[in-house]
Amino acid sequence: MTEQDEPSGRLKQELLDLALEAATLAGDFLRDGRPDDLGVAATKTSAIDVVTEMDIAAEKLITGLLSDRRPEDGLLGEEGASVEGTSGVEWVIDPIDGTVNYLYGLPSWAISIAARVNGETLVGVVHVPMRGETFRAVLGEGAFIGDRPTRVRPAAKLGLALVGTGFGYLAERKVQQAEVVRRLIPEVRDIRRGGSAAIDLCDVAAGRLDAYYERGLNPWDYAAGDLIAREAGAVTGGRPGEPLSPALTVAAPPGLFERLQARLNELGAWHD
Ligand code: LIP
């Protein structure tokens, strides 16, 4: 029987321990080794979609540890890691979620590591070194900040909701995103733009945001934070009836989730 048949409690614990070890290793490196003269090593979809030498080095640290311990697992990383595994376990890695914040020396950046079996996320870890916080969840076993259980806030009415969001790296996408937030902002308590989807999803899990939405995320941005938010009591998804995806990611407690999702659908938050 491979591990993709019925993931055992032993496997889930092994994957969680490994994700925590890798995230902490990368987090210490990124926090303590950040060069004062850190610059842009390369750009991706646009001149403002940047990657630093530290993103690349951190991903190598993480994938080196994971492949050393579990050589048959698959790997998918933002900075190019791509390995087809044979064990049924796939690691989904963002070595620095909030790269622009890290580049500028702002504290809101995280290491996001998820373990998926047959496409279902079993384990999620979001490590936030500058906050001294590590969010974690195992499917069906709740969400934690360190060893402290965490839960979403009770569902707020839309007009009282503090809503996190983010914007893409392409100007044409940002035009539509700005239009959506222009229409939404008078209808909610306020908007927060933290710069890291993984942290935003975890802040929903911790009750520090009532809701979060964004268009254009990649699986490595949301895989771990999605599980953590759901295990803390949030509902996550995309357009009505669709799972979260790069088209649209929405997370909020039930009751608020449906109202916000419907409004975002009306406002066209799912398209450029
Ligand atoms: C970031 C996301 C954030 C989004 C940024 C960027 P990255 O990921 O976490 O939510 O608004 O534009 O995509 O690029 O720092 O890994």
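About the cut-offs
- Residues numbered from 1 in each chain as written.
- Predicted model: local features only at pLDDT ≥ 70, side-chain atom pairs only at ≥ 80, totals over all residues.
- Heavy atoms only, no water.
- Helix = DSSP H or I, 4+ residues; strand = E, 2+ residues; numbered from the N terminus.
- Rg over C-alpha atoms; globule rule 2.2 N^0.38 Å.
- Buried < 20%, exposed > 50% of the residue type's maximum accessible area, 1.4 Å probe, protein only.
- Near = heavy atom within 4 Å.
- Polar contact = N/O pair within 3.5 Å; in protein donor to acceptor, adjacent residues only side chain to side chain.
- Areas by Shrake-Rupley, 256 points an atom, 1.4 Å probe, with all protein chains shown as cover.
- Core = buried A, V, L, I, M, F, W, Y, C linked by side-chain atoms within 4.5 Å.
- Domains from an automatic or database assignment.
- Contact = heavy atoms within 4.5 Å.
- Buried area = accessible area lost by both parts, 1.4 Å probe.
- Salt bridge = Lys/Arg side-chain N within 4 Å of Asp/Glu carboxyl O.
- Nonpolar A, V, L, I, M, F, W, Y, C, P; charged D, E, K, R; others polar.
- Axes fitted to C-alpha atoms, helices over the stretch in contact; angles between N-to-C directions.
- Parallel < 35°, antiparallel > 145°, perpendicular 65-115°, else oblique.
- Left-handed = near helix turned anticlockwise from the far one by under 90°.
- Phe/Tyr/Trp six-rings, centres within 6.5 Å; stacked < 30°, edge-to-face > 60°.
- Lys NZ or Arg CZ within 6 Å of the ring centre and 35° of its normal.
- Pairing = 2+ DSSP bridges.

Asker: Which parts of the structure should I look at to understand the overall build of the protein?
Answerer: Secondary structure summary: the protein contains seven helices and 15 strands in total. Against the 2.2 N^0.38 benchmark of 19 Å for 272 residues, the protein shows a C-alpha radius of gyration of 18 Å, consistent with a compact globule. By its C-alpha atoms, the protein is 50 × 45 × 30 Å across when sized along the principal axes. Across the 272 residues that make up the protein, the buried fraction comes to 55%.

Asker: Would you take a moment to explain the site of the ligand for this structure?
Answerer: Taken together, 17 residues surround the ligand, and among them D97, G98, R193, A197 and E214 come closest. Within the backbone of G98, an N or O atom sits 2.7 Å from an oxygen atom of the ligand. Between the ligand and E214, the relevant distance is 2.7 Å, taken from an oxygen atom to a side-chain nitrogen or oxygen of the residue. Protein coverage of the free-state accessible area of the ligand, which is 370 Å², stands at 94%. For the shell around the ligand, the secondary structure elements donating two or more residues are β5 (89-97) and β13 (211-214). Broken down by element, the shell around the ligand gets its largest block of residues, three residues, from β5.

Asker: Looking at this structure, how should I read the nonpolar core?
Answerer: Across soluble globular proteins, you tend to see nonpolar side chains buried next to one another. Among the nonpolar cores identified, the biggest contains 33 residues, and V126, V128, F135, V204, Y212 and I228 are the most heavily contacted of them. Within the residue set of this core, elements represented by two or more residues are β6 (110-117), β7 (120-128), β8 (133-138), β9 (143-145), α5 (197-205) and α6 (219-231). If you count residues domain by domain, this core takes at least three from each of domain 1 (9-149) and domain 2 (158-267). Excluding residues that lie within four positions of it along the chain, F135 makes contacts with G124, V125, V126, V128, F144, I145, C202, D203, A206, R208 and I228. Counting residues in each nonpolar core, the second largest holds 32 residues, with A58, I96, Y102 and V125 among its members.

Asker: What should I look at first to understand the domain arrangement of the protein in this one?
Answerer: Often the size quoted for an interface is simply the accessible area lost on bringing the parts together. Split by domain assignment, the protein resolves into domain 1 (9-149) and domain 2 (158-267). Taken over C-alpha atoms, the centre of domain 1 sits 21 Å from the centre of domain 2. At the interface, 40 residues of domain 1 touch 25 residues of domain 2. Regarding the contact of domain 1 and domain 2, the summed buried area is about 2300 Å², with carbon and sulfur atoms giving 63% of it. One can count two salt bridges joining domain 1 with domain 2. Inspection of the domain 1/domain 2 interface yields ten residue pairs in polar contact (both at pLDDT 80 or more). Counting only elements with at least two residues in the side of domain 1 that touches domain 2, the list comes to β3 (74-77), β5, α3 (99-104), β6, β7, β8 and β9. Ranked by residues supplied to the side of domain 1 that touches domain 2, first place goes to β7 with seven residues. In terms of residue class, the side of domain 1 that touches domain 2 is made up of 20 nonpolar, eleven polar and nine charged.

Asker: Looking at this model, I keep getting lost on the packing of helix α1 (residues 9-32) against helix α2 (residues 53-69). Mind explaining?
Answerer: In a packed pair of helices, the relevant descriptors are the angle between the two axes and the axis-to-axis distance. Where α1 meets α2, the closest approach of the two axes is 10 Å, and the angle between their N-to-C directions is 150°. By the criterion of interaxial angle, the relationship of α1 to α2 is roughly antiparallel. For α1 against α2, the interelement crossing comes out right-handed. Contacts between α1 and α2 involve L18, E21, A22, L25, A26, F29 and L30 on the former and, on the latter, M54, A57, A58, L61, I62, L65, L66 and R69. Residues of the contact of α1 with α2, tallied by class, amount to 13 nonpolar, no polar and two charged.

Asker: Sorry, what's going on with the packing of aromatic side chains here?
Answerer: Any pair of aromatic rings gets described here by the distance separating the centres and the angle formed by the planes. Counted according to the given criterion, the structure contains one aromatic pair. On the basis of an interplanar angle of 85° and a centroid distance of 4.8 Å, the ring pair of Y102 and W109 is categorised as edge-to-face. On the basis of relative accessible area, Y102 is assigned to the buried category, the value being 1%. Sitting over the face of the ring of Y102, R34 holds its NZ or CZ atom 5.6 Å from the ring centroid. Here the basic side chain of R239 rests over the ring of W270, its NZ or CZ set 3.4 Å away from the ring centre.

Asker: What's the story with unusual backbone geometry in this structure? I'm lost.
Answerer: Of all residues except glycine, most have a negative phi; of all peptide bonds, most are trans. Phi at N118 takes a positive value of approximately 55°, unusual for a residue other than glycine. By secondary structure assignment, the location of N118 is in the loop between β6 and β7.

Asker: Explanation requested: the pairing of strand β15 (residues 249-252) in the structure shown.
Answerer: A two-sided burial pattern is seen for β15, the buried positions comprising T249 and A251 on one face and V250 and A252 on the other. The sheet contact formed by β13 and β15 spans three bridges and is antiparallel. Its bridge partner being in β15, Y212 is matched across the sheet by A251. With three bridges connecting them, strand β14 (residues 235-237) and β15 associate as antiparallel partners. Within β15, the residue paired with T236 across the bridge is A251.

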